[in-house]
Protein chains: 2
Amino acid sequence: METLDEIDKTILRMLQHDAKVTTKEIANHLGLTISPVYERIRRLESVGFIKQYVAVLDKSLIDKPITTFCQVSMRYHNEAFIEKFEQEVQELEEVQECYHMGGQVDFLLKINIRSLDEYHDFVKYKLSKIDNIGVLNSTFVLKEIKHTIAYHF
Amino acid sequence: METLDEIDKTILRMLQHDAKVTTKEIANHLGLTISPVYERIRRLESVGFIKQYVAVLDKSLIDKPITTFCQVSMRYHNEAFIEKFEQEVQELEEVQECYHMGGQVDFLLKINIRSLDEYHDFVKYKLSKIDNIGVLNSTFVLKEIKHTIAYHF
DNA sequence: ACTGAAATTGTGCGAAC
DNA sequence: GTTCGCACAATTTCAGT
């Protein structure tokens, strides 16, 4: 019920590379008819293997060319402060990703913005306003070498 | 020709949250008919605003529960070595993302794998085999706080 | 679980304003 | 740049095996 056979895996592999492949194309590729493939896709969606279908946009064209990684360490490490930080980060539109990390750094944030000016404002007026932040260290992406949403499995 | 009006932006915002919204739904939301919306989507695809449509999978369910960030610094910084590294990273299936960074660290890699054992093997047999790597520093994701593919614009 | 087919809905495109 | 309408294709459902 929660395991995948090779047919399921093929379906998932195809969909994560191109969500627009038709059920028919997948079925042909598998040597099946449409119906079983259709029902498997429905199942993979409802069980949660497929979380969502999205269009991936070009971030430079929509005017968010700059990516930075921001390492944040808290001053005090109690539950209340950490939870507060996690909540506030959700609201920050510039934050594309946020991870609670092991090691010296508590959180790693991936930020996308229009300009360095905007990043300055983001740090000054938004990020640093959050309580209990100790160290804050930003590094800038010079070039994106690889970025894939599809997993290899 | 390469600028976006508010209609285009609305279309892109809807598609990056749900690639399965129909042209009709977008048209209704905008108070337009299907055709103009259809043609705008085609244009946004061909001009490159929309790079691809993908299904987003649950990484734990497909057995890649562990995410690590790996900071890599090169020993010597000449063009040939850097290009070699960038090429080899493309081939590594475990590497989800790779960025050339400003600052002390040259590259930041985001890795997804099944187990710590597998990470050990990855570093030992794949990553460290690449020539000219100096420092290599791994940090583990304890919890994913936020992760969105959609940009706020 | 898979087949085949029917009903429904969406896509893709031409003509016209 | 938008509307309308039509032919085609894809989705969704269902009886049958």
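Residues numbered from 1 in each chain as written. Chains lettered and ligands numbered in written order. Predicted model: local features only at pLDDT ≥ 70, side-chain atom pairs only at ≥ 80, totals over all residues. Heavy atoms only, no water.

**Looking at the overall build of chain A**
And then number 1: Helix and strand counts for chain A come out as five helices and five strands.
And then number 2: Going residue by residue from the N terminus, the α and β elements of chain A occur as α-α-α-β-β-α-β-β-α-β.
And then number 3: Here the C-alpha atoms of chain A give a radius of gyration of 21 Å, more than 25% beyond the 15 Å that 2.2 N^0.38 yields for 153 residues.
And then number 4: Based on the C-alpha atoms only, the size of chain A along its principal axes is roughly 60 × 35 × 25 Å.
And then number 5: Every one of the 153 residues in chain A was classed for burial, and the buried ones make up 44%.
And then number 6: Of all intrachain contacts in chain A linking residues separated by at least 6 positions in sequence, the fraction that spans at least 24 positions is 64%.
And then number 7: For chain A, the computed accessible surface area is about 8,100 Å², with 50% contributed by carbon and sulfur atoms. (Helix = DSSP H or I, 4+ residues; strand = E, 2+ residues; numbered from the N terminus. Rg over C-alpha atoms; globule rule 2.2 N^0.38 Å. Buried < 20%, exposed > 50% of the residue type's maximum accessible area, 1.4 Å probe, protein only. Contact = heavy atoms within 4.5 Å. Areas by Shrake-Rupley, 256 points an atom, 1.4 Å probe, with all protein chains shown as cover.)

**Regarding the packing of helix α2 (residues 23-30) of chain B against helix α3 (residues 34-47) of chain B**
Pairs of packed helices are described in terms of their axes, by the angle between the two and the distance that separates them.
Residue and element names in this part refer to chain B.
And then number 1: The geometry of α2 relative to α3 is characterised by a closest axis approach of 9 Å and an angle of 115 degrees between their N-to-C directions. By the angle between their directions, the pair α2 and α3 is classed as roughly perpendicular. As for the relative orientation of α2 and α3, their crossing is right-handed in sense. Between α2 and α3, the residues in contact are T23, K24, I26, A27 and L30 and I34, V37, Y38 and I41, respectively.
And then number 2: Classifying every residue of the contact of α2 with α3 gives seven nonpolar, one polar and one charged. (Axes fitted to C-alpha atoms, helices over the stretch in contact; angles between N-to-C directions. Parallel < 35°, antiparallel > 145°, perpendicular 65-115°, else oblique. Left-handed = near helix turned anticlockwise from the far one by under 90°. Nonpolar A, V, L, I, M, F, W, Y, C, P; charged D, E, K, R; others polar.)

**A word on the pairing of strand β4 (residues 107-113) of chain A**
All names here are of chain A.
And then number 1: Across the seven residues of β4, seven count as buried, placing the element largely inside the fold.
And then number 2: On β4, burial covers both faces: F107, L109, I111 and I113 on one face and L108, K110 and N112 on the other are all buried.
And then number 3: Pairing of strand β2 (residues 66-74) with β4, which is carried by seven bridges, proceeds in the antiparallel orientation. Among the inter-strand pairings, T67 is bridged to a residue of β4, identified as N112.
And then number 4: Inspection of the sheet shows strand β3 (residues 95-101) paired to β4 by five bridges, in the antiparallel sense. (Pairing = 2+ DSSP bridges.)

**Describing the protein's contact with DNA strand C**
And then number 1: Within the structure, DNA strand C sits among L32, T33, S35, P36 and R40 of chain A together with T23, K24, S35, Y38 and R42 of chain B.
And then number 2: Of everything in DNA strand C that lies within 4 Å of the protein, sugar and phosphate atoms constitute 68%.
And then number 3: Here a phosphate oxygen of DNA strand C and a side-chain polar atom of T33 of chain A are 2.5 Å apart.
And then number 4: Between DNA strand C and S35 of chain A, the relevant distance is 2.2 Å, taken from a base oxygen to a side-chain nitrogen or oxygen of the residue.
And then number 5: When contributions to the surface near DNA strand C are tallied by element, the ones reaching two or more residues are α3 (34-47) of chain A together with α2 and α3 of chain B.
And then number 6: A class-by-class count of the residues in the surface near DNA strand C yields three nonpolar, four polar and three charged. (Near = heavy atom within 4 Å. Polar contact = N/O pair within 3.5 Å; in protein donor to acceptor, adjacent residues only side chain to side chain.)

**As for the nonpolar core**
And then number 1: Counting residues in hydrophobic clusters, the biggest one holds 38 residues, and the most contacted among them are L12 and L15 of chain A together with L12 and L15 of chain B.
And then number 2: Those elements giving two or more residues to this core turn out to be α1 (6-17), α2 (23-30), α3 and β1 (50-57) of chain A together with α1 (6-17), α2, α3 and β1 (50-57) of chain B.
And then number 3: Once residues within four sequence positions are removed from consideration, L12 of chain B is found in contact with L57 and I62 of chain A together with L4, L44, F49, I50 and F153 of chain B. (Core = buried A, V, L, I, M, F, W, Y, C linked by side-chain atoms within 4.5 Å.)

**With respect to the domain arrangement of chain A**
And then number 1: According to the domain assignment, chain A contains domain 1 (6-47) and domain 2 (66-140).
And then number 2: Centre-to-centre, using C-alpha coordinates, domain 1 of chain A lies 39 Å away from domain 2 of chain A. (Domains from an automatic or database assignment.)

**Remarks on the relation of the copies chain B and chain A**
And then number 1: Between chain B and chain A, which share one sequence, the superposing operator has a rotation angle of 180 degrees and an axial displacement of 0.0 Å; the RMSD is 0.0 Å. Look at the turn and shift together and you get a two-fold axis relating the two. In terms of proximity to the rotation axis, the leading residue of chain B is V54 of chain B, whose C-alpha is 2.8 Å off the axis.
And then number 2: Of all interface residues in chain B, 100% are interface residues in chain A too; the two copies therefore contact each other through one and the same surface. (Least-squares fit on C-alpha atoms with pLDDT ≥ 70 in both.)

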